[in-house]
Amino acid sequence: MGDWLAPVLATFVTLPLLLFWLVYAAMRLFGGRKRAAFYAAVNAATAFFIAAVYFLLAVLFGKSYFVHLLLFLLGLHAAIALGYWRKRADFHLAAVFRLFWRASFLIFASLYAGLLVYGMMARIAAVL
C-alpha cells in the first residue's frame, strides 16, 4: 500500500503547483464555489511550497537552510500575531494562523517561482 505514497509526495514537493491545480479543480467540480475551492487549494499546497523552496535552496546553493526557513516562519507568525493583536486588541489563534498560512503561501509561491527561474538561468549559464 505504501508503494505509491512516496512517488506521489515527491511529485507534489517537486511540482506544488500541480497539487494546487488538482485540489482546485476537484473542489470546483464537487463544491462549485470558486472562493472555497481556491482557499482549499491554498491550504493544501502551502506546506508543499515550503518544502519545495527548502529543497530548491539545498540543491542550488549546496547547503541546508532548514533553520533559516524555520526562523523565518516563526518570525512571520510572530509579526502577524503582533499586528493582529495591535489592530484588533484581541487575539484569536485560528484567525492568526489562517493569516499566517495565507501569507506563507504568497511568500513561498513567489520564492518557488523565483528560485525556479534562477536555477534554470544558472544551469543555462553554466553550460554556455
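These numbers come from a predicted model, not from an experiment. (Residues numbered from 1 in each chain as written. Predicted model: local features only at pLDDT ≥ 70, side-chain atom pairs only at ≥ 80, totals over all residues. Heavy atoms only, no water.)

A. Quick look at the overall build of the protein chain. Within the protein chain, the secondary structure is distributed over 5 helices and 0 strands. Within the protein chain, buried positions represent 29% of all 128 residues. Excluding contacts between residues fewer than 6 apart, the proportion of contacts in the protein chain whose partners are at least 24 apart in sequence is 58%. Approximately 8700 Å² of the protein chain is accessible, and the part contributed by carbon and sulfur atoms is 74%. (Helix = DSSP H or I, 4+ residues; strand = E, 2+ residues; numbered from the N terminus. Buried < 20%, exposed > 50% of the residue type's maximum accessible area, 1.4 Å probe, protein only. Contact = heavy atoms within 4.5 Å. Areas by Shrake-Rupley, 256 points an atom, 1.4 Å probe, with all protein chains shown as cover.)

B. Up close: the environment of V42. Along the polypeptide, V42 turns up in helix α3 (residues 34–61). Separated by 29 residues in sequence, V42 and L71 have C-alpha atoms that sit 22 Å apart. Those residues in contact with V42, other than ones at most four positions away along the chain, are F20, W101 and F105.

C. Here's a closer look at the packing of aromatic side chains. Scanning the entire structure with this criterion turns up 16 aromatic pairs. Ring centres of Y54 and F66 lie 6.2 Å apart, and the angle between their planes is 85 degrees; on these two criteria the pair is classed as edge-to-face. A residue pair is termed long-range when its members are at least 10 positions apart, and Y54 in helix α3 and F66 in helix α4 (residues 66–88) qualify at 12 residues. Look at F61 and Y118: their rings are 5.8 Å apart centre to centre, the planes differ by 25 degrees, and that puts the pair in the stacked class. (Phe/Tyr/Trp six-rings, centres within 6.5 Å; stacked < 30°, edge-to-face > 60°.)

D. Inspection of the packing of α3 against helix α5 (residues 93–127) at higher detail. The N-to-C vectors of α3 and α5 enclose an angle of 35 degrees; their axes lie 8 Å apart at closest approach. Of the two possible hands of crossing, α3 and α5 adopt the one that is left-handed. When its residues are assigned to classes, the contact of α3 with α5 shows 22 nonpolar, 4 polar and 2 charged. (Axes fitted to C-alpha atoms, helices over the stretch in contact; angles between N-to-C directions. Left-handed = near helix turned anticlockwise from the far one by under 90°. Nonpolar A, V, L, I, M, F, W, Y, C, P; charged D, E, K, R; others polar.)

E. Broad picture of the side chain of S104. Inspection of the secondary structure puts S104 in helix α5. If sequence neighbours within four positions are ignored, S104 has contacts with T46, L73, L76 and A109.

F. Expanded view of the nonpolar core. Ranked by internal contacts, the top residues of the largest apolar core, which has 32 residues, are F49, F105 and F108. Those elements giving two or more residues to this core turn out to be α1 (5–14), α2 (16–30), α3, α4 and α5. Broken down by element, this core gets its largest block of residues, 11 residues, from α3. Ignoring anything within four residues of it in the chain, the contact list for F49 reads P16, L17, F105, F108, A109 and Y112. (Core = buried A, V, L, I, M, F, W, Y, C linked by side-chain atoms within 4.5 Å.)

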